[in-house]
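Here is how the chains run, residue by residue.
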Amino acid sequence: MAAQNPPEQVTYWDSIAATYDDYPDHGLTDPSVLRAWIDLLRRWLPAQQANILDAGCGTGSLSVVLAGLGHRVTGIDASPAMLDRARAKTAALACTIDFYLMDAAAPQLQPQSFDVVVCRHVLWTLAEPAAALARWADLLTPRGRLVLIEGCWSTGPGMHAAEVVAALPAAVAVVAVEDLSADAAFWGKQVDDQRYVVVADRTN
């Protein structure tokens, strides 16, 4: 399965790893922002312990939240510098999370091994988002779930919610599309672009 991350893209993410968590919604160091994400994820994740993949985990902020909710977490990212930050963060917090240097668009992982695949602000960066979604769906256990947190930015790039829904494979069905734009608690400020979560369950 060929990787989709060109070297220049990996270099870019490596170059911003040191400052990535400076944004409130990236580092999740603001208590009110952290609480908003905890509440959102708790709403869409299984109540019981689950195997969760954080696809494109970056510095591991969401991975830490997922582990804090009692789940078994695997994080993958193509950026070595981002993963260094993620591993340091989890070590400081005494979390047990498995991180792997791996293209989120083409994960080399066992099919049907995750109850949930979570992705935040990664899908829009991929050259073939529909192909990535199909691969993520293959990783889900029967009745497993995709939790896709994305946006279409006021600066131009991104994906509209309808585009994400249209790119979903036939193996999953949409459960919800929830707008996150109006709630400043998620972002640490008011935003003027489209931000949302698409939740879809595997049906076959």
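Let me begin by describing the structure that accompanies this report. (Residues numbered from 1 in each chain as written. Predicted model: local features only at pLDDT ≥ 70, side-chain atom pairs only at ≥ 80, totals over all residues. Heavy atoms only, no water.)

Let's shift gears to the sheet that holds strand E5 (residues 140–152). Read from one edge to the other, the open sheet built from seven strands follows the order E3-E2-E1-E4-E5-E7-E6, with strand pairing classed as mixed. The sheet is open, and its two edges are formed by strand E3 (98–101) and strand E6 (172–179), each paired on a single side. Neighbour to neighbour, the strand axes of the sheet diverge by 15° on average, direction disregarded. Relative to the sheet, helix H5 (residues 80–92) contacts strand E2 (72–77) and E3, its axis offset from that of E3 by approximately 170°. (Pairing = 2+ DSSP bridges. Helix = DSSP H or I, 4+ residues; strand = E, 2+ residues; numbered from the N terminus. Axes fitted to C-alpha atoms, helices over the stretch in contact; angles between N-to-C directions. Contact = heavy atoms within 4.5 Å.)

A few words on the pattern of salt bridges. The tally for this structure, following the rule as stated, stands at six salt bridges. The partner of Lys89 in a salt bridge is Asp21, with the nearest N and O atoms 2.7 Å apart. A residue pair is termed long-range when its members are at least 10 positions apart, and Lys89 in helix H5 and Asp21 in the loop between helix H1 (7–20) and helix H2 (24–27) qualify at 68 residues. The class for Asp21 is partly exposed, based on a relative accessible area of 23%. The shortest N-O distance in the salt bridge between Arg43 and Glu178 comes to 2.4 Å. Placement of the pair is Arg43 in helix H3 (residues 31–44) and Glu178 in strand E6, with a sequence separation of 135 residues. (Salt bridge = Lys/Arg side-chain N within 4 Å of Asp/Glu carboxyl O. Buried < 20%, exposed > 50% of the residue type's maximum accessible area, 1.4 Å probe, protein only.)

The buried fraction of strand E7 (residues 194–202) amounts to eight of the nine residues, a majority that puts the element mostly inside the structure. Pairing of E5 with E7, which is carried by eight bridges, proceeds in the antiparallel orientation. Looking at the pairing, Arg145 lines up with Asp201 of E7. Both E6 and E7 contribute to a ladder of seven bridges, which runs antiparallel. Residue pairing across strands places Ala176 opposite Val199, the latter belonging to E7.

Grouped together as the largest cluster of nonpolar side chains are 33 residues, with contacts concentrated most on Trp37, Leu40, Leu45, Val118, Val147, Ile149 and Val197. Going through the elements one at a time, H3, helix H4 (61–68), H5, strand E4 (114–120), E5 and E7 are the ones with two or more residues in this core. Here this core takes seven residues from H3, the largest share from any one element. Those residues in contact with Val147, other than ones at most four positions away along the chain, are Trp44, Leu45, Val116, Val117, Val118, Cys119, Val197 and Val198. Counting residues in each nonpolar core, the second largest holds 29 residues, with Val117, Cys119, Val122 and Tyr196 among its members. (Core = buried A, V, L, I, M, F, W, Y, C linked by side-chain atoms within 4.5 Å.)

Let us now look at unusual backbone geometry. Of note, the phi angle at Leu28 is positive, near 55°, even though the residue is not glycine. Residue classification places Leu28 among the buried positions, given a relative accessible area of 7%. Of note, the phi angle at His121 is positive, near 55°, even though the residue is not glycine. Counting through the fold element by element, His121 comes out in the loop between E4 and helix H6 (129–139). Given a relative accessible area of 14%, His121 falls into the buried group.

Further remarks concern a nonpolar patch on the surface. On the surface, Val165, Val174 and Val177 cluster together into a nonpolar patch covering about 200 Å² of accessible area. Secondary-structure assignment places Val177 in strand E6. The class of Val177 is partly exposed, set by a relative accessible area of 45%. (Patch = residues over 30% accessible without salt bridge, like charges linked within 9 Å, V, L, I, M, F, W, Y side chains within 5 Å. Areas by Shrake-Rupley, 256 points an atom, 1.4 Å probe, with all protein chains shown as cover.)

Looking at the secondary structure, you find Ser79 in the loop between E2 and H5. Looking at Ser79, the relative accessible area reads 1%, which means it is buried. Once the C-alpha coordinates of Ser79 and Ser15 are considered, the two residues, 64 residues apart in sequence, prove to be 9.4 Å apart. Polar side-chain contacts of Ser79 include one of 3.1 Å to the backbone nitrogen of Met82. (Polar contact = N/O pair within 3.5 Å; in protein donor to acceptor, adjacent residues only side chain to side chain.)

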